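# Remarks on the overall topology
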Amino acid sequence: MSESALRIHGLRKAFPKVVAVAGVDLEVARGEVFGLLGPNGAGKTTTLEMIEGLTVPDAGEIEVLGRTWAREGKEIRARIGVQLQSTSLFNKITVREALDLYGTYYPKARTTADLLELVQLNDKADAYHVTLSGGQQQRLALALALVNDPELVFLDEPTTGLDPQARRSLWDVVRRMKAEGRTVLLTTHYMEEAEALCDRLAIMDHGQVIAAGTPASLIAQLAIPSVVELTFNGDAPDPAAFAARLGEPVERRADLWEVPTRDPKALLPRLLETAEAAGVPYQQVHVRRATLEDVFLHQTGRSLRD
Amino acid sequence: MLMMIWRQFVMEWKLYLRDKGAMFWTFAFPVVMLLGFGIIFRGGGGPKLTVVYVQPAAQGTRDAALLKAMDEVQLKVLPLTPAEAEARWSHGETAAEVLPEGEGYRIRLNSYLMAQGGPTAGLVNQAWLLAQARLNGSPEPRRIPVSVESPGGKKASNYAAFLLPGLLGLNLLSIGLFSVGMVNVSYREKGKFRRLAVTPLPKWIFLLGQVLQRLTISLAQAVVLLVVGWLAFGIRNQGSYLDLVVVMTLGTACFMSFGFALSGFAETSETYAAIANLFFFPLMLLSGVYFTLDSAPHWLQRSVAFLPLSPFLSTLRAVFNDGAGLAGHGMGLLVVGAWALGAFLIAVRRFRWN
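In this text, all values refer to a predicted model and were calculated from it rather than measured experimentally. (Residues numbered from 1 in each chain as written. Chains lettered and ligands numbered in written order. Predicted model: local features only at pLDDT ≥ 70, side-chain atom pairs only at ≥ 80, totals over all residues.)

## Examining the overall build of chain B
The condition is simple: Here a strand is any run of E in DSSP of at least two residues, a helix any run of H or I of at least four, and the numbering for each starts at the N terminus. Here the globule rule reads 2.2 Å times residues to the power 0.38, and the radius of gyration is calculated from C-alpha atoms. Any residue surrounded by 20 or more other C-beta atoms within 10 Å of its C-beta is treated as buried, while 12 or fewer makes it exposed and the intermediate range makes it partly exposed; C-beta atoms here are placed from the backbone.
Helix and strand counts for chain B come out as 13 helices and four strands. At 26 Å, chain B has a C-alpha radius of gyration far larger than the 20 Å of a compact globule built from 354 residues. Taking the principal axes of the C-alpha coordinates as reference, chain B spans close to 90 × 45 × 40 Å. Here chain B holds 354 residues, and the buried ones make up 34% of them.

Next up, the structure:
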């Protein structure tokens, strides 16, 4: 079992109007939770769909659990679990029926009772799919992805559109998958989700992987591990003049300024002094650790959600 | 393998039975149509034509003779005062009216309702000739005797017997276009096919389960219609049941393939609905579902014979109403078969899961 769960090399896919994936290499070890992090349109979903066998790549190699789609597609399908970005089921199928039915598609299946317990849908077992809340539908989609006791699970933006509580409960299910020894590949555009769940991750932008590693190592790679934030009441003013006076780069983001720094202890008194002297109408000052968001910003010059 | 097809089939039925609204309409619509039109046109010759008779100030013998003669030629006469008649006319409800004018009468026809007005005027004139002969004491003109028979000569049938095969055909068309074509477009649009595509279930099993379920629906509909037709109007299959099954099977194959083929040409349900209606309404109106196209232009009659529904209905009616064998309808069967094959090939070429 030392082989990789997933190995892809030189993956490319172009659509008529856009190159969605422009040469992606990835390797995911068994038992690992691996994240693809990136803004909308970065090529995460297309990459995932090529790996899942839904989209045929223009070029590149994909090895899923040591198998290739061309020769062992049926075996791969039997051993992977997939949650698509949106899972559409029949409106009037009950949760129990959906799990039973999908179970019959596989050579081996977990019991429906087991799955209901896992995603905490016991009391909704006989409710029609159409009557479930967004979070419940997402949990059902997760249970369907686990119906065949898969070794490798793909989750495409599993928490998009969920409220914070539903998001946490989904995270718990993902952690349980890891505890059960499954390999998980998930996409997300929430950096806090990637930080909370992933052992390793790859940051994608414009169809390419721009950085990869553990969350900690990615942040550590940034030469600037801390960020000082000045918050304003309403939109932040143009920081150009202030930045020149301070002699440090200042980023403006909505209602705050960000000043990345290696040494917040040294910067802070100088910064406050300059702000006071320049009459900057800031409200509060925060010092925080750099996050994956800053890594993305540093690599691309853009914010994740732009 | 069979077990998997069976499970899909059973699940499709379960889901179908839960959609009470759709189910009610698929089964109730043809039955309501059959009962409604069958009862309205029960007399056989269709409903009587109505003529408004504008009452003269004082009724003379001539008026009485005309009224009597109009009744004899099977016109439904509605006597109204001039004011009432004018009100009805101005509301557009009157197709034809007879007004006293000078020494005689005038017939006024509604230009929008010439389909009823034309024949009504003819009958009124016929009645007038009869009345004049009587008033003059000359010998009554003799009419040509009329007999009503079904074309196959098996049994004098009524309009309901003509309509029933038409509704069977219409059912197949609407199941093909909407229950098969529309449903598949919406599955593709909503990504239901994609969720299936990541499982090891062969997709043809899913489709086969679906097609078999639609087949049993159309079979059940046919049985319901046949039973209602038999109980309400005494309509029975006059031909061989084997021939009936052959024609119905060919028709089902044709219209389901048709739906599958069309579904390959639309990305969204909205586009599909537009395309499907483009086919549905002309086929329904021009193929002789409710009435024959006898009076339509020759070129139109020739053209619809090459569309699938019209030859299907002629063959079905020949078997069902007239007890004919299939031998005489080779051309019709060939046309339906060609459409089935053509649509199937297009469906296979164009069908997409994504």
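Moving on, there is more to tell.
## Details of the overall build of chain A
Note the threshold: The contact criterion used here is simple: two residues whose C-beta atoms, placed from the backbone, lie within 7 Å are in contact.
The helix and strand inventory of chain A stands at 11 helices and 13 strands. If you line up chain A on its principal axes, its C-alpha atoms span 70 × 45 × 40 Å. Looking at chain A as a whole, 40% of its 306 residues are labelled buried. Pairs at least 24 apart in sequence give 70% of the contacts found in chain A among residues at least 6 apart.

## Things to note about the domain arrangement of chain B
Definition in use: Boundaries between domains were set according to an automatic or database domain assignment.
Annotation of chain B at the domain level lists domain 1 (2-41 + 157-350) and domain 2 (50-136). Taking only C-alpha atoms, the centre of domain 1 of chain B and the centre of domain 2 of chain B are 45 Å apart.

## Concerning the domain arrangement of chain A
Under the domain assignment, chain A is made up of domain 1 (6-219) and domain 2 (223-289). Taken over C-alpha atoms, the centre of domain 1 of chain A sits 39 Å from the centre of domain 2 of chain A.

## Details of the sheet that holds strand E3 (residues 33-37) of chain A
Within a sheet, each strand pairs with its neighbour through backbone hydrogen bonds, oriented either parallel or antiparallel. All names here are of chain A. What counts is decided by this rule: Only strands that DSSP links by at least two bridges are regarded as paired with each other. An axis is simply a line fitted to the C-alpha atoms; with a helix, the fit covers only the stretch in contact. Between two such axes, the angle follows the N-to-C directions and lies from 0 to 180 degrees.
Reading across the sheet, the six strands line up as E5-E6-E7-E3-E8-E9 and stay open at both edges, with mixed pairing between neighbours. If you trace the sheet from one side to the other, it starts and ends with strand E5 (80-83) and strand E9 (208-213), each paired once. Taken pair by pair, the neighbouring strands of this sheet meet at an average axis angle of 15°, ignoring direction. Bridge count for E3 against strand E8 (residues 200-205) is four bridges, and the pairing is parallel. Looking at E8, one finds that Leu37 is bridged to Ile203. Together, E5 and strand E6 (152-156) form the strand contacts of helix H5 (residues 134-145), whose direction differs from that of E5 by roughly 165°.

## Digging into the environment of Phe242 of chain A
All names here are of chain A. You can see Phe242 is positioned in helix H9 (residues 240-246). Classification of Phe242 by C-beta neighbours within 10 Å gives buried; the count is 21. Placed 40 residues apart in sequence, Phe242 and Tyr282 show a C-alpha to C-alpha distance of 12 Å. Setting aside its immediate chain neighbours within four residues, Phe242 contacts Val250, Ala278 and Val280.

## Brief notes about the packing of helix H3 (residues 61-72) of chain B against helix H5 (residues 114-136) of chain B
Residues and elements named next belong to chain B. Stated precisely, the cut-off is as follows: Should an angle fall under 35 degrees it is called roughly parallel, over 145 degrees roughly antiparallel, and 65 to 115 degrees roughly perpendicular, with every other angle called oblique. By the definition used in this description, the sense in which the near helix is turned from the far one sets the handedness, with an anticlockwise turn below a right angle giving left-handed and a clockwise turn giving right-handed.
Where H3 contacts H5, the axes come no closer than 8 Å and their chain directions differ by 130°. Between H3 and H5, the crossing angle belongs to the class labelled oblique. The handedness of the crossing between H3 and H5 comes out as right-handed. Contacts between H3 and H5 involve Arg62, Ala65, Leu66, Ala69 and Met70 from the first element and Val124, Ala127, Trp128, Leu130, Ala131, Arg134 and Leu135 from the second.

## A closer look at H3 of chain B
Residues and elements named next belong to chain B. Where we set the bar: To estimate the expected span of a helix, count its residues, drop one, and scale the result by 1.5 Å. This arc corresponds to the set of directions leading from the helix axis out to the C-beta atoms.
The end-to-end C-alpha distance of H3 is 17 Å, a good match for the 16 Å that 12 residues give at a rise of 1.5 Å each. Buried within H3 we find Leu66, Ala69 and Met70. Along the long axis of H3, the arc covered by the buried residues comes to 100°, so they all point the same way. Away from its buried face, by an angle of more than 90 degrees, H3 presents the exposed residues Thr61, Ala64 and Asp71. Considering only its buried residues, H3 is in contact with strand E1 (50-54), strand E2 (76-80) and H5.

## Describing the interface of chain A and chain B
What counts here: Gly falls in the polar group here, along with every residue not listed as nonpolar (Ala, Val, Leu, Ile, Met, Phe, Trp, Tyr, Cys, Pro) or charged (Asp, Glu, Lys, Arg).
Counting residues at the interface gives 18 residues for chain A and 16 residues for chain B. Of all elements in the fold, only helix H2 (69-79) and helix H3 (95-103) of chain A reach the threshold of two or more residues within the side of chain A that touches chain B. In terms of residue count, H2 of chain A provides more of the side of chain A that touches chain B than any other element does, three residues in total. Looking at the side of chain A that touches chain B residue by residue, the class counts come to 10 nonpolar, four polar and four charged.

## Topic: the environment of Cys198 of chain A
Residues and elements named next belong to chain A. Inspection of the secondary structure puts Cys198 in the loop between helix H7 (191-197) and E8. For Cys198, a count of 24 C-beta atoms within 10 Å corresponds to the buried category. As for Cys198 and Val228, which are separated by 30 residues in sequence, their C-alpha atoms are 26 Å apart. Sequence-distant contacts of Cys198, that is, excluding residues within four places in its chain, are made with Val33, Phe34, Gly35 and Pro215.

## Here we look at the nonpolar core
Selection rule: Nonpolar cores are built from buried Ala, Val, Leu, Ile, Met, Phe, Trp, Tyr and Cys residues. These are joined into a set through C-beta atoms within 7 Å.
Core analysis: the largest hydrophobic core is formed by 81 residues, its most contacted members being Leu6, Ala143, Leu144, Val184 and Ile203 of chain A. Ranked by residues supplied to this core, first place goes to H5 of chain A with six residues. Both of domain 1 (6-219) and domain 2 (223-289) of chain A provide at least three residues apiece to this core. Among residues more than four places away in sequence, those in contact with Leu6 of chain A are Leu26, Glu27, Val28, Ile51, Val64, Leu152 and Leu185 of chain A. Grouped together as the second largest cluster of nonpolar side chains are 52 residues, Ala161, Leu168, Cys254 and Phe260 of chain B included.

## With respect to unusual backbone geometry
Excluding glycine, residues mostly carry a negative phi; peptide bonds, for their part, are mostly trans. All names here are of chain A. Positive phi, normally seen in glycine, also occurs at Glu157, with a value near 45°. Relative to the elements of secondary structure, Glu157 occurs in the loop between E6 and helix H6 (164-179). With 23 C-beta atoms counted inside 10 Å, the residue Glu157 sits in the buried group. Despite not being glycine, His206 shows a phi value in the positive range, around 50°.

## Some details on the sheet that holds strand E11 (residues 251-253) of chain A
Residue and element names in this part refer to chain A. Taken in spatial order, the four strands line up as E11-E12-E10-E13 in an open sheet, and their pairing is antiparallel. In this open sheet, the two strands that pair with only one neighbour each are E11 and strand E13 (284-289). Going from strand to strand, the sheet's axes swing by 25° on average, the running direction of each strand aside. Where E11 and strand E12 (residues 256-261) come together, three bridges link them in antiparallel fashion. Residue pairing for E12: Glu251 is matched across the bridge by Glu258. Against the sheet, helix H10 (residues 264-278) makes contact with strand E10 (226-231), E12 and E13, and its axis sits at roughly 20° relative to E10, the strand it touches most.

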